[in-house]
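Tertiary structure, described
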Amino acid sequence: MIFDGMAGLGDNIFQRPFLRHYPGAYLRTPWPEIYKGLDVKCIRTGTQLRTQRKNEIHTDYQFFVEPANARRVRIGYGQKDMASGGIVDAFRRQFDVSGLLQFDLPSFSDFHEKIPFARRLAVIRPATVRSEWTSASRNPDPVYLNAAAAALKKSGFYVVSVADLEKGAEWMVGEAPQADLVLHSGELSLTQLCTLYENAACVVSPVGFSLPMAIAYRTPLFVVAGGRGGHNAPEIVTDPAMPLDSVRWAIPKNYCRCIDASHVCDKAIDSFDKKINGWLNEIVK
């Protein structure tokens, strides 16, 4: 069987638990590292998507040749899935798998030399927009990410800000959050990124790949929501079967449930400092 999987990094993290139920299956993916430890044979995608293509070209992980005459199953989700249970439920239906998830990621121990892992690390993701998939409405107001970074610094964390910016392809929205180490040019490989998230004390991020990655590593996560809630609300991008005990959200008071990538959503969050400091004191400690 061949699964034509999704290309996004976060989507592949969501897919991993379901591939566990199909030993020996083939999967079309640009992120073979995600499936380390599973009996899954990854096939190249030939994608032209920027970050996916970089990983597919440079990874040391093995790709297999597509078998002839194998049954193919297309994996994906759309607006109807978002309105009827969210991402995980959509994958349950498409993979024909029910029950609880073993939601995890492999350990890589690929420690980047610039990151002082002996320090108490906090990861922060800035708000960015990609030309390939422009969704400015999803981002939070960057002022809240800046406030979160200040709270992390005040609490004594060594803050690492990670992104993969490229002129004309992906750019920062607003002012970059304050950080001790700025890695905004795709300096980290996927295995180094995973190692950082697994060993960090906490992660602060908008909705994106950080959400499933931090949850999979049981790293305390604070999600700063923006708009486009019809695609990005907590009940859509998480599931009760996931390990969510250390996950908290800061959601705008008038949370916009639109599905418009360019809508000017109301992103004002009440009592943000109280929310981020409450999470730091109660969960991260």
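Above this note sits the structure.
Chains are numbered independently. Their residues run from 1 in the order of the written sequence. Selection of residues for local features in this predicted model requires a pLDDT of at least 70, selection of side-chain atom pairs for listing and counting requires 80 or more, and totals for whole chains, interfaces and linings are taken over all residues. To obtain the side-chain values, all non-hydrogen atoms of the structure were included, while hydrogens and water were left out.

**Focus: the pattern of salt bridges**
Salt bridges are counted wherever a side-chain nitrogen of Lys or Arg sits within 4 Å of a carboxyl oxygen of Asp or Glu. Evaluation of the coordinates by the stated rule reveals 16 salt bridges. A salt bridge links Arg72 to Glu66; the shortest N-O distance between them is 3.4 Å. Arg72 sits in the partly exposed class, given a relative accessible area of 47%. For every residue, the accessible area (1.4 Å probe, protein chains only) is compared with the maximum for its type, and the residue is labelled buried under 20%, exposed over 50%, or partly exposed between those bounds. On the basis of relative accessible area, Glu66 is assigned to the partly exposed category, the value being 34%. Put simply, Arg50, Lys54, Asp164, Glu166 and Glu170 are held in one network by salt bridges that share partners.

**Remarks on the sheet that holds strand β3 (residues 40-43)**
Strands are labelled as partners when DSSP assigns at least two bridges between them. Helix and strand assignments follow DSSP, with helices taken as H or I runs no shorter than four residues and strands as E runs no shorter than two, numbered in order from the N terminus. Judged by pairing direction, the sheet is parallel, and its 4 strands sit side by side in the order β3-β2-β1-β4 without closing on themselves. Each edge of the open sheet carries a strand with a single partner, namely β3 and β4 (72-74). Taken over all neighbouring pairs, the strand axes of this sheet differ in orientation by 25 degrees on average, direction set aside. Looking at chain direction, strand β1 (residues 2-4) and strand β2 (residues 25-28) are connected through 3 bridges and run parallel. Bridge pairing in β2 links Phe3 to Leu27. Here an angle of 0 to 180 degrees is reported between the N-to-C directions of two axes, which are lines fitted to C-alpha atoms, with helices fitted over the stretch in contact.

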